[in-house]
Amino acid sequence: MSAREEILRRVRAANAAAGQPAPPRVPRDYRIGGDHPAGHPELVRRLSARLGDYRAGVVPTAGPSAPEVGAAVRAALTLAGVGAADPVLVPPGLPDGWCPQGIVDDAFAASVLGGFAAVVTGCAAACAETGTLALDGSPGQGRRALTLVPDRHVCVVRAEQVVATVPELLARLDPGRPLTLVSGPSATSDIELHRVEGVHGPRTLVVVLVAPPPPAFPPAREPRPGVEKRHQT
Amino acid sequence: MAAGSRATFLGVPRILGLAGRDGGRGGADGGGGPGGARAGRPAPAGSGFLSGDRPFPDAAREALGDTQLRRNLAHATGTIRAKRARVVAELDDWEELRTAGEAVKRATLARLDEHLVRLEEEVTARGGQVHWARDAAEANSIVTELVRATGQREVVKVKSMATQEIGLNEALAAAGLTVHETDLAELIVQLGHDRPSHIVAPALHRNRGEIREIFLREIPGVDPRLRAEPRDLADTARAHLRQTFLRAKVAVSGANAAVAETGTLCVVESEGNGRMCLTLPETLITVMGIEKVVPTWRDLEIYLQLLPRSATGERMNPYTSTWAGVTPGDGPRNVHLVLLDNGRTATLADPVGRDALHCIKCGACLNICPVYQRVGGHAYGSVYPGPIGAILSPQLTGVERNASLPYASSLCGACAEVCPVRIDIPSILVRLRAEHVEERSRARVPSAEALAMAAGAWVMSDAGRFAAAGRAGRLGRALGRRRGRVSTLPPPLSAWTASRDAPRPPEETFRDWWSRTRAPRDGQARHNPTAPDDPTGREGPTAPDDRRARRARRARHDQETR
Ligand code: SF4
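Residues numbered from 1 in each chain as written. Chains lettered and ligands numbered in written order. Predicted model: local features only at pLDDT ≥ 70, side-chain atom pairs only at ≥ 80, totals over all residues. Heavy atoms only, no water.

## Some remarks on the overall build of chain B
A tally of helices and strands in chain B yields 28 helices and 10 strands. Residues classed as buried in chain B amount to 65% of the 562 residues present. Counted over contacts in chain B with a minimum sequence separation of 6, partners at least 24 positions apart contribute 75%. Of the roughly 19300 Å² of accessible surface on chain B, 50% is carried by carbon and sulfur atoms. (Helix = DSSP H or I, 4+ residues; strand = E, 2+ residues; numbered from the N terminus. Buried < 20%, exposed > 50% of the residue type's maximum accessible area, 1.4 Å probe, protein only. Contact = heavy atoms within 4.5 Å. Areas by Shrake-Rupley, 256 points an atom, 1.4 Å probe, with all protein chains shown as cover.)

## Notes on the overall build of chain A
When helices and strands are counted, chain A shows five helices and 12 strands. With the C-alpha coordinates aligned to their principal axes, the bounding extent of chain A is approximately 65 × 45 × 40 Å. Across the 233 residues of chain A, 58% fall into the buried class. The long-range fraction of contacts in chain A, counting pairs at least 24 apart against all pairs at least 6 apart in sequence, stands at 71%. When the accessible surface of chain A is totalled, it reaches about 8500 Å², and 55% of it is carbon and sulfur.

## A word on unusual backbone geometry
All names here are of chain A. A positive phi angle, near 50°, is found at Gln20, a position not held by glycine. Along the chain, Gln20 falls in the loop between helix 1 (3-17) and helix 2 (41-53). Phi is positive for Arg55, close to 60°, though the residue is something other than glycine. Within the secondary structure, Arg55 sits in the loop between helix 2 and strand 1 (57-60).

## As for the interface of chain B and chain A
Contact with chain B, which involves 106 residues of that partner, is made by 76 residues of chain A. Note on chain B versus chain A: buried area summed over both sides is about 7700 Å², and carbon and sulfur give 58% of it. Joining chain B to chain A, the criterion identifies 14 salt bridges. The closest approach of N and O atoms between Asp53(A) and Arg315(B), which form a salt bridge, is 2.7 Å. (Buried area = accessible area lost by both parts, 1.4 Å probe. Salt bridge = Lys/Arg side-chain N within 4 Å of Asp/Glu carboxyl O.)

## Looking at empty space enclosed by the protein
Here the idea is plain: a probe the size of a water molecule rolls over the atoms and shows the empty space left. Inspection of the entire model under this criterion finds 10 cavities of 30 Å³ or more. Space inside the largest cavity adds up to approximately 620 Å³. Lining the largest cavity are 36 residues, with Lys159(B), Ile199(B), Asn256(B), Val268(B) and Lys361(B) sitting closest to its centre. Of all the secondary structure elements, the ones that give two or more residues to the lining of the largest cavity are strand 10 (187-191) of chain A together with helix 9 (161-166), strand 6 (264-269), strand 7 (283-289) and helix 15 (300-311) of chain B. Its residues assigned to classes, the lining of the largest cavity comprises 16 nonpolar, 10 polar and 10 charged. (1 Å grid on protein atoms, 1.4 Å probe; cavity = no way out; pocket = protein on both sides within 12 Å on 5 of 7 lines; lining within 4 Å. Points joined across faces, edges and corners; volume = space filled by probe spheres on them. Nonpolar A, V, L, I, M, F, W, Y, C, P; charged D, E, K, R; others polar.)

## Focus: the sheet that holds strand 1 (residues 129-133) of chain B
Strand order across the open sheet formed by six strands is 1-10-7-4-2-3 (chain B), with parallel pairing between neighbours. With one partner strand each, in any of the chains shown, strand 1 and strand 3 (178-181) of chain B form the two edges of the open sheet. Within the sheet, the average angular offset between the axes of one strand and its neighbour, ignoring direction, is 25°. The pairing of strand 2 (residues 154-157) of chain B with strand 3 of chain B spans four bridges and is classified as parallel. Residue pairing across strands places Lys157(B) opposite Glu181(B), the latter belonging to strand 3 of chain B. Set on the sheet, helix 1 of chain A makes contact with strand 1 and strand 10 (334-340) of chain B; between it and strand 1 of chain B the angle comes to about 65°. Where helix 7 (residues 112-125) of chain B meets the sheet, it contacts strand 1, strand 7 and strand 10 of chain B, and its direction lies at approximately 145° from that of strand 1 of chain B. (Pairing = 2+ DSSP bridges. Axes fitted to C-alpha atoms, helices over the stretch in contact; angles between N-to-C directions.)

## Side note on the sheet that holds strand 8 (residues 293-294) of chain B
Spatial ordering of the open sheet is given by 8(A)-5(A)-6(A)-9(A)-9(B)-6(B)-5(B)-8(B), a layout of eight strands whose pairing is mixed. Each end of this open sheet is capped by a strand with a single partner; those strands are strand 8 (162-163) of chain A together with strand 8 of chain B. As defined by bridge partners, strand 6 of chain B adjoins strand 9 (residues 319-324) of chain B across six bridges and the pair is classed as antiparallel. When the sheet's bridge partners are listed, Val268(B) is paired in strand 9 of chain B with Thr320(B). Across the face of the sheet, helix 15 of chain B comes into contact with strand 9 (179-182) of chain A together with strand 5 (257-259), strand 6, strand 8 and strand 9 of chain B while running at roughly 10° to strand 6 of chain B.

## Quick look at the pattern of salt bridges
Residue and element names in this part refer to chain B. A complete count under the given rule lists 49 salt bridges over all chains for this structure. Salt-bridge contacts for Arg126 lead to Glu122; the nearest nitrogen and oxygen are separated by 2.6 Å. Overall, the relative accessible area of 29% leaves Arg126 in the partly exposed class. Close ionic contact of Asp194 with Arg206 constitutes a salt bridge, the shortest N to O distance being 3.1 Å.

## Section: the environment of Ala107(A)
All names here are of chain A. Take Ala107: it is sitting in the loop between strand 3 (103-104) and helix 4 (110-113). On the basis of relative accessibility, which here comes to 65%, the residue Ala107 falls in the exposed class. Put simply, Ala107 and Ala211 are 104 residues apart on the chain and 32 Å apart in space, counted from C-alpha to C-alpha.

## Focus: the environment of Val90(A)
Residues and elements named next belong to chain A. The residue Val90 is located in strand 2 (residues 88-90) in this model. Looking at Val90, the relative accessible area reads 4%, which means it is buried. Along the chain, Val90 and Ala125 lie 35 residues apart, while their C-alpha atoms are 18 Å from each other. Setting aside residues no more than four positions away along its own chain, Val90 makes contact with Cys99, Gly102, Ile103, Val104, Asp105 and Val120.

## Some thoughts on the packing of helix 1 of chain A against helix 7 of chain B
At their nearest, the axes of helix 1 of chain A and helix 7 of chain B sit 9 Å apart, and the two run at 150° to each other. Of the possible angle classes, the one that applies to helix 1 of chain A and helix 7 of chain B is roughly antiparallel. Touching Arg4(A), Leu8(A), Val11(A), Arg12(A) and Asn15(A) of helix 1 of chain A are Leu112(B), Asp113(B), Leu116(B), Val117(B) and Glu120(B), all from helix 7 of chain B. (Parallel < 35°, antiparallel > 145°, perpendicular 65-115°, else oblique.)

## A short note on the pairing of strand 4 (residues 118-121) of chain A
Residue and element names in this part refer to chain A. Of the two faces of strand 4, the one lined by Ala118 and Val120 and the one lined by Val119 and Thr121 are each fully buried. Relative to strand 4, strand 2 runs parallel, the two being bridged by two bridges. Residue pairing for strand 4: Val88 is matched across the bridge by Ala118. Alignment of strand 4 against strand 7 (residues 152-158), held across three bridges, turns out to be parallel. Counterpart to Val119 in the pairing with strand 7 is His153.

## Some words on helix 5 (residues 67-89) of chain B
For helix 5 of chain B, spanning 23 residues, the distance from its first C-alpha to its last is 33 Å, which sits close to the expected 33 Å at 1.5 Å a residue. Two to three positions downstream of the cap, the backbone nitrogen of Gln68(B) sits 3.2 Å from a side-chain oxygen, assigning the N-cap of helix 5 of chain B to Asp66(B). (Expected span 1.5 Å × (residues − 1). Polar contact = N/O pair within 3.5 Å; in protein donor to acceptor, adjacent residues only side chain to side chain.)

## Notes on the confidence of the model for chain B
All names here are of chain B. Looking at chain B, the pLDDT average stands at 77 and 72% of residues meet or exceed 70. Note that residues 1-36 has pLDDT below 50 and, in this model, 57 contacts with residues that lie over four places away or in other chains. Contacts for the low-pLDDT stretch residues 517-562, under 50 throughout, to residues beyond four places or in other chains number 56 contacts. With a pTM of 0.81, the predicted complex shows an ipTM of 0.90. (pLDDT = per-residue confidence, 0-100.)

## Remarks on the environment of Ala62(A)
Assignment of secondary structure puts Ala62(A) in the loop between strand 1 and helix 3 (66-79). Taking the C-alpha atoms as reference points, Ala62(A) and Gly19(A), separated by 43 residues in sequence, lie 63 Å from one another.

## Observations regarding helix 12 (residues 208-218) of chain B
Among the residues of helix 12 of chain B, Ile211(B), Ile214(B) and Phe215(B) are the ones counted as buried. Looking straight down helix 12 of chain B, one finds its buried side chains confined to an arc of 95°; they lie on one side. (Arc of directions from axis to C-beta.)

Written out as structure tokens, the structure is:
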């Protein structure tokens, strides 16, 4: 008997031995939808605060136009410590004007990716409550290695991509695509269970929040010392 | 005597709901392990790390003597408990999430064969290859052959409980392959020639000073001025592994979940070492226990909320990766999934004990456990320590091979309260103690140990005391009330009480055991709850009302953790 057949047979025998329990109905009475629709200024504010908790930078744009996003991306790169002459990587399909100096990925080897000072991408969706960005590898986001190997990641999030809850986030994603959910920069809790940011993934994450058309949402206020300075308001 | 004790033991099943188990004994499989009590197949002895080389009390006694270890454990578990409590309190639907998380697992296991077949279909349809492994040895040889077929000599690895369980690193090393653990804690364990002691943070027993020393000793070229700061230590690990990641062609991972309907695998991590392994190599081999499958994509919305908050006290872990088969131009070109039994079907065969398979390996029950906090993970012998280990390891191996673990608990019930999928750990512990007693009695073991176990069974069969003991907390209370009885056992059983190294009877609590082993010559210590060395610090001094004591304990705990 093949291992496959034998394991399946064991599973069936075990379920029979346990009295053939019927699968219960799954009560999904936890929160599915959030308190605000996608893109609501309150959600954008919350996302910004959560990102601050993770010690990610947040740079709001002045408006939704490509030049305004481009200006914020430049500011984000500066905030991340990228110099004007440093090479910046971008995925194919990044909207025109977001990062004009970016070098478009051309199936570069991993070691080449490591030579870039930063990568600039868009995202597929974002979750406010957990401060999570979702990347799905579609145009403007690129293959997974792009947002992994360079040490700094600037991610552009449009307000309408921001949902409140985790269930809303997953509902927007395609499980057939390779997905990466990013909540702040790389971190570890392995030393005495204290969180330290920055291990193997990008050590610096800066999020550019594309403002919806005016009136612009108020800049995030963060009570925690040391975080405020990361916000360009 | 043995026959008599068995008859009295049979009082337990009626109360604890063991009734279905006799049906199990006559089940279609009939294979079982030694003892043959269960359908399904326990993990064979001889490979993997599911049991230690000595019983829990012996190992625990040594751990208790290590004050540095106890300090490290207290510090780390205290930190994580506080963080967990904070982020759990943020969600007002936490209980609904727990209930749903439990229901999905229960529903999945009830149709496990169908979900596994569907998973295989979907992964295969998306270009992946699925392998099945009955036990550790088979899984190890599958992975070894897959690595060999690539022609590569080295492998990068993402932390995974399944691969620790089967001893994959050792098997690959024996085949002449080099394995690089890439998770920071696993790296610390590997470089320290050590064993993991926690399912989320395997190096939790090490403090920063010890980690610095390990790095200085084991990583070539480390600056001797390296400071014992988490930031600097993490940077050292980054520099050390960077080139390894960039050149690696083969990776091995575990999986936190696999979605049957879409063939999507999921790895939850923090550092980005997981992403490196899942993304950069050409070949990816994932080893996953068969219980990790979930039916639908939607089900992940539950566990992606329960897991990070319970495991590391974060609203969300830094990185979660999912993949379904092969994606051209993005990530590995050869994707394998090894589905592992290794005792899971034996666990599944028990109508109550199978709930241990619901575990999402968050570690919250370890962090809250008064026993784990004091003895750490190594004392449990198995790679699964703490409360979950105490119910999972004996079921995976057959209870005889881990006979002391079901006693490694004070039955205080804190684990069940924090468990994100509501596993009733104390009830399963009690059940396994009973199973152990029963196997002993079936084997007609005429030892003082068996007599003591029988005594436990006799005490447990007292229906009057058990009638009210449905839920875990009340169960703990019922057992607690019974505690003093050990000293009043009739003469044949005093043989046991005279021998402090004999396995404890089923009803003995950790606290009793502690008192007995710490102060073997001091009869006073045993029943003096205010002794300065009170190991649990949980049971209120002579509380007349257990419920009140329990409330007070919880309040005290909440205070500690806020
Ligand atoms: S038993 Fe529950 S609390 Fe313990 S590790 Fe498993 S899921 Fe977490």
